[in-house]
Amino acid sequence: MKKCLIVVDYQNDFINGALGFETAPKIKDAIINKIKAYRASSDDIIFTMDTHDENYLNTEEGENLPVKHCVKGTPGHEIQSDVKALMSPEDKVFEKNTFPSLDLGLYLKNKDYDVVELCGLVSNICVISNAVIVKSALPNAHVVVDALATDSFDHPLHKKSLDVLEGLQVEVLNK
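Residues numbered from 1 in each chain as written. Predicted model: local features only at pLDDT ≥ 70, side-chain atom pairs only at ≥ 80, totals over all residues. Heavy atoms only, no water.

(A) Spotlight on helix α5 (residues 102–109). Residues of α5 that are buried include every one of Leu 104, Gly 105 and Leu 108, and no others. Each buried residue of α5 sits inside an arc of 100° when the element is viewed along its axis, so together they form one side. Away from the buried face of α5 by more than 90 degrees, exposed residues Leu 102 and Lys 109 are located. Against the buried residues of α5 lie β1 (3–8), β2 (44–50), β3 (92–96) and α6 (123–137). (Buried < 20%, exposed > 50% of the residue type's maximum accessible area, 1.4 Å probe, protein only. Helix = DSSP H or I, 4+ residues; strand = E, 2+ residues; numbered from the N terminus. Arc of directions from axis to C-beta. Contact = heavy atoms within 4.5 Å.)

Structure representation (structure tokens):
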């Protein structure tokens, strides 16, 4: 069985930076355990990074979320240090300037993964939108999100997002 883990935007600005929130650091151990398990099984691991430039506030997203964050080259753009320490040169990294990554979808389209699991931040924005990308690229893959390895600053919306994921035929663990 061919598996892939996608770690979505576990970056400093979403944990303790410009858009950080109190519960974001609490999922770190679950993400680390998943990375270690996938690595031990020689399964693939992909990372996405929310990536903006100084012009962010002039974008559609910036007009709707006017908080400069994840600017390339800043500490806030970096993947959290304990998670970053587990990255391997073989891991694919997708920098994306909006919620989902079309490049991720195009990359996955040519893969034969049986299972794709997503974790990271933020459940109701980037995790859910990248899960849709995965479902589009790999319609026959089993897509999984572990509720213990994702979170949001908006807890009611987080719970609704997990429901929507289930409605999209994504298996939600530990709900």
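(B) Focus on the packing of aromatic side chains. Counted according to the given criterion, the structure contains 2 aromatic pairs. Where Phe 21 meets Phe 153, the ring centres are 6.3 Å apart and the plane angle is 75°; that geometry is what we call edge-to-face. Taken together, the positions of Phe 21 in the loop between α1 (12–15) and α2 (28–40) and Phe 153 in the loop between β5 (142–151) and α7 (155–167) put the pair 132 residues apart, joining distant regions of the chain. Taking the relative accessible area as the measure of exposure, Phe 21 reaches 10% and is therefore buried. (Phe/Tyr/Trp six-rings, centres within 6.5 Å; stacked < 30°, edge-to-face > 60°.)

(C) Examining the pairing of β1 more closely. β1 sits mainly inside the fold: 5 of its 6 residues count as buried. When β1 meets strand β4 (residues 115–121), the two strands line up parallel, connected through 6 bridges. Residue Val 8 lies in a different strand from β4, and its bridge partner there is Gly 120. With 5 bridges joining them, β1 and β2 adopt parallel strand pairing. Paired with Val 7 across the two strands is Phe 47, which belongs to β2. (Pairing = 2+ DSSP bridges.)

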